[in-house]
Amino acid sequence: FDILLGLGLPWFLASVAINSGNPNIVDTAGIGMGIAILVGTVILFLAVIVVNRFRMNSSLGWIFLALYFLFLAYTLLSQYCVLPSPSVECPA
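Since the model is a prediction, treat every value here as computed from it, not as a measurement.

### Observations concerning a nonpolar patch on the surface
A cluster of nonpolar side chains, namely Leu5, Leu9, Phe12, Leu13 and Val16, defines an oily patch on the protein surface of about 460 Å² accessible area. Counting through the fold element by element, valine 16 comes out in helix α1 (residues 2-17).

This is the structure we're talking about:
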């Protein structure tokens, strides 16, 4: 759901509203770190669920929601060159 709306919908809207059906050029320079963090989060989530005997409670939900917002903050701050990132070239 997040990937469908987070990637597909903005690209669709850009191609319809801005590029009038022309192909979009997408900069994928920083996508590797984001994918690694999200895969790590999924593995962590599965491990926590197994350790918690397949029970999800509200505190786990809030923890993972906070982790998701930390991921969003890291992604935005690295893309705007506030935080250093190995995959994003920032102007000097």
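From this point on, the discussion continues.
### Overview of helix α2 (residues 31-51)
Over its 21 residues, α2 extends 30 Å from the first C-alpha to the last, a length consistent with the 30 Å expected when each residue adds 1.5 Å. The first or second residue beyond α2 is arginine 53, which carries a positive phi of 60°.

### Some details on the packing of aromatic side chains
The full count for this structure, using the stated rule, is 3 aromatic pairs. Ring geometry for tyrosine 68 versus phenylalanine 71: centroids 6.3 Å apart, planes at 35°, classification tilted. Of this pair, tyrosine 68 and phenylalanine 71 both sit in helix α3 (residues 58-79), 3 residues apart, which is roughly one turn of the helix. Here phenylalanine 71 falls in the buried class, since its relative accessible area comes to 13%. Here the aromatic residues Tyr68, Phe69 and Phe71 are joined through ring pairs into a cluster of three or more.

### Regarding the environment of leucine 83
Relative to the assigned elements, leucine 83 resides in the segment after α3. Setting aside anything within four residues of it in sequence, one finds leucine 83 in contact with Tyr74, Leu77 and Ser78.

Rules and cut-offs
- Residues numbered from 1 in each chain as written.
- Predicted model: local features only at pLDDT ≥ 70, side-chain atom pairs only at ≥ 80, totals over all residues.
- Heavy atoms only, no water.
- Patch = residues over 30% accessible without salt bridge, like charges linked within 9 Å, V, L, I, M, F, W, Y side chains within 5 Å.
- Areas by Shrake-Rupley, 256 points an atom, 1.4 Å probe, with all protein chains shown as cover.
- Salt bridge = Lys/Arg side-chain N within 4 Å of Asp/Glu carboxyl O.
- Helix = DSSP H or I, 4+ residues; strand = E, 2+ residues; numbered from the N terminus.
- Expected span 1.5 Å × (residues − 1).
- Phe/Tyr/Trp six-rings, centres within 6.5 Å; stacked < 30°, edge-to-face > 60°.
- Buried < 20%, exposed > 50% of the residue type's maximum accessible area, 1.4 Å probe, protein only.
- Contact = heavy atoms within 4.5 Å.

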